[in-house]
Amino acid sequence: MQQENNYDRPFRVLSLDGGGVRGLFTAVLLRGLTVEFAKQQGLDDRQEYDLGRQFDLIVGTSTGAILAAALVVGVPLSKVIALYTEHAKSIFRSPVPESSVGALLLWIGRHLGRAANSPEPLEQALHDVFGNETLGQLHARRGIGLCVPAVDAETLKSWGFKTPHLSRLQRDVNYRLVDVCMASAAAPLVFPVKEIQRPEGTGELAAPRVNWFVDGGLWANNPSVVALTEAFTTAKPDQRIQVVSASTCPPFKGTTVTRGTANRGLFAWRAGIKVVETALDAQSYAYDYMAKTLAQHAKQPVDYIRLADPEVGAEDLPFLGMDNPSDETLRRLTALAYRAVDKNRSEATTGSAAMAVLLDVFAGLNPIPSSSARGAPRV
């Protein structure tokens, strides 16, 4: 059943960054906040709550696209967390080695002509959750907007997959949710370019027409500006907009550059994967600033919140690569997420106008019926 629009309340948007396996951080953070705000409302904190229903639109890139899609579908956050913890090793079978030049050279030799990882384990895991549901079917069933950035690998232009949350948005209605997520998550070097057969039909004499996509993080790893833009075109002109943005806890500490280390080669850039990670993480700062500026100068009232990240210790940095599926990485990401829960909970209770928005967004949580098996991953 479609969600009814109530313009007496704000138009609410959730924006979720990309970052590979670090998506576990975001999933644990959102579940932790949901539990904390459920407690504050006197609700059963052991119950799974439908966080997706709190928003009119959810925007996510790469690993954030998977989390965004799960929330729109109505998957319990505990199941999303299990998707990462149970499948990370099969999805990221060949992470770029950190240890030595020799190990890196061997890795380069194995992957000179192909991506590091097969897309099949991720695609199967997503199919177990989403089935063959299309963007059009999803919106008809849930009435929540979804926007997923990707890149058209042939035209080199940005592409935003969208549900038909506006009547004119019909281009993507027949794309499967699984394919949309795979397209947005097709990080260069990590996964192959994603092939999707165009779903509108090809005609009797035409050859099958396909589109090829790579990671949406190449242009919108922090999709907060995309979220704001979509909100401006979807909300009513006088409707207040509330945007909550969440990162994947990128390691902001940076590195020391000297004359001796400035002339970097393949090893220092980890065969190119470090270039990708640097580009994706750098966007977290830039797009956050742009989103705040746009919110301040908008013609209609906008509340923009970037959830606070925890302090990342030097001992955590070696484990925050986007393709590192080790048990220690998963443990540290989970611990960092709980630190972020505490930090955001504290800020939300200080009475500040910005953090009061969180109290508003998480108000009136609705439980996911325990009898509903929809969206439960087979883990």
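Residues numbered from 1 in each chain as written. Predicted model: local features only at pLDDT ≥ 70, side-chain atom pairs only at ≥ 80, totals over all residues. Heavy atoms only, no water.

**Some remarks on the confidence of the model for the protein chain**
Note the cut-off: Note on scores: pLDDT gives the predictor's confidence for each residue, bounded by 0 and 100. Throughout, a contact is declared for two residues whenever any of their heavy atoms are within 4.5 Å.
Averaged over the protein chain, the pLDDT score is 86; the fraction of residues at 70 or greater is 84%. Predicted confidence for residues 1-5 stays below pLDDT 50, and this span has 16 contacts to residues more than four positions away or in other chains. Note that pLDDT drops below 50 for residues 373-379; the model gives that stretch 17 contacts with residues more than four away or on any other chain.

**Observations concerning the nonpolar core**
We apply this condition: To define a nonpolar core, start from buried Ala, Val, Leu, Ile, Met, Phe, Trp, Tyr and Cys residues and group those joined through side-chain atoms within 4.5 Å. Each residue is placed in one exposure class: buried if its accessible area under a 1.4 Å probe, protein chains only, is under 20% of its type's maximum, exposed if it is over 50%, and partly exposed if it falls in between.
Ranked by internal contacts, the top residues of the largest apolar core, which has 79 residues, are Phe-130 and Phe-161. Phe-11, Leu-57, Ile-241 and Val-243 belong to the second largest nonpolar core, which has 18 residues in total.

**Concerning the pairing of strand β1 (residues 11-16)**
Going by this rule: Starting at the N terminus, helices and strands are each numbered in turn, a helix being any DSSP run of H or I of at least four residues and a strand any DSSP run of E of at least two. Pairing between strands requires that DSSP locate at least two bridges from one strand to the other. For crossovers, right-handed means that the path from the first strand over the helix to the second runs clockwise, given strands pointing away from the viewer.
Of all six residues in β1, six are buried, a share of seventy percent or more. Both faces of β1 are covered, namely the face carrying Phe-11, Val-13 and Ser-15 and the face carrying Arg-12, Leu-14 and Leu-16. The pairing of β1 with strand β7 (residues 241-246) spans six bridges and is classified as parallel. By the bridge assignment, Phe-11 is partnered in β7 with Ile-241. Crossover connection from β1 via helix α1 (residues 23-40) to parallel strand β2 (residues 57-60): handedness right-handed.

**Brief notes about unusual backbone geometry**
Of note, the phi angle at Leu-189 is positive, near 75 degrees, even though the residue is not glycine. The phi torsion at Cys-249 lies on the positive side, around 60 degrees, for a residue other than glycine. Looking at the secondary structure, you find Cys-249 in the loop between β7 and α10 (273-296).

**Observations regarding the packing of aromatic side chains**
The condition is simple: The pairing test for Phe, Tyr and Trp rings, Trp by its six-membered ring, is centres within 6.5 Å, and the orientation test on the planes gives stacked under 30 degrees, edge-to-face over 60, and tilted for anything in between.
Tallying each qualifying case throughout the model produces six aromatic pairs. With 5.7 Å between their ring centres and 45 degrees between their planes, Trp-159 and Phe-161 make a pair best called tilted. The two residues Trp-159 and Phe-161 agree in class, both being buried. Measuring from centroid to centroid gives 5.3 Å for Phe-161 and Tyr-175, while their planes differ by 75 degrees, and the two rings are edge-to-face. With Phe-161 in strand β4 (residues 157-162) and Tyr-175 in the loop between β4 and α7 (177-184), this residue pair connects regions lying 14 residues apart in the sequence. Taken together through their ring pairs, the aromatic side chains of Trp-159, Phe-161, Tyr-175 and Phe-213 make up a single cluster.

**Looking at the packing of helix α5 (residues 120-130) against α7**
Defined as follows: Orientation is described by lines fitted to C-alpha atoms, with helices fitted over the stretch in contact, and by angles between N-to-C directions that extend from 0 to 180 degrees. Left-handed describes a crossing whose near helix is turned anticlockwise from the far helix by less than a right angle; the clockwise case is right-handed. Gly is placed with the polar residues, together with every amino acid not listed as nonpolar (Ala, Val, Leu, Ile, Met, Phe, Trp, Tyr, Cys and Pro) or charged (Asp, Glu, Lys and Arg).
Running from N to C, α5 and α7 point in directions that differ by 145 degrees, and their axes come no closer than 9 Å. Of the two possible hands of crossing, α5 and α7 adopt the one that is right-handed. On the side of α5, the interface is formed by Leu-122, Glu-123, Leu-126, His-127 and Phe-130, while α7 contributes Leu-177, Val-178, Asp-179, Cys-181 and Met-182. Broken down by class, the residue content of the contact of α5 with α7 amounts to seven nonpolar, one polar and two charged.

**Digging into helix α2 (residues 63-73)**
Of all the eleven residues making up α2, eleven are buried; the element is thus mostly covered by neighbouring parts of the structure. Where α2 is concerned, the buried positions are Thr-63, Gly-64, Ala-65, Ile-66, Leu-67, Ala-68, Ala-69, Ala-70, Leu-71, Val-72 and Val-73. Just beyond α2, the residue with positive phi is Gly-74, at close to 105 degrees.

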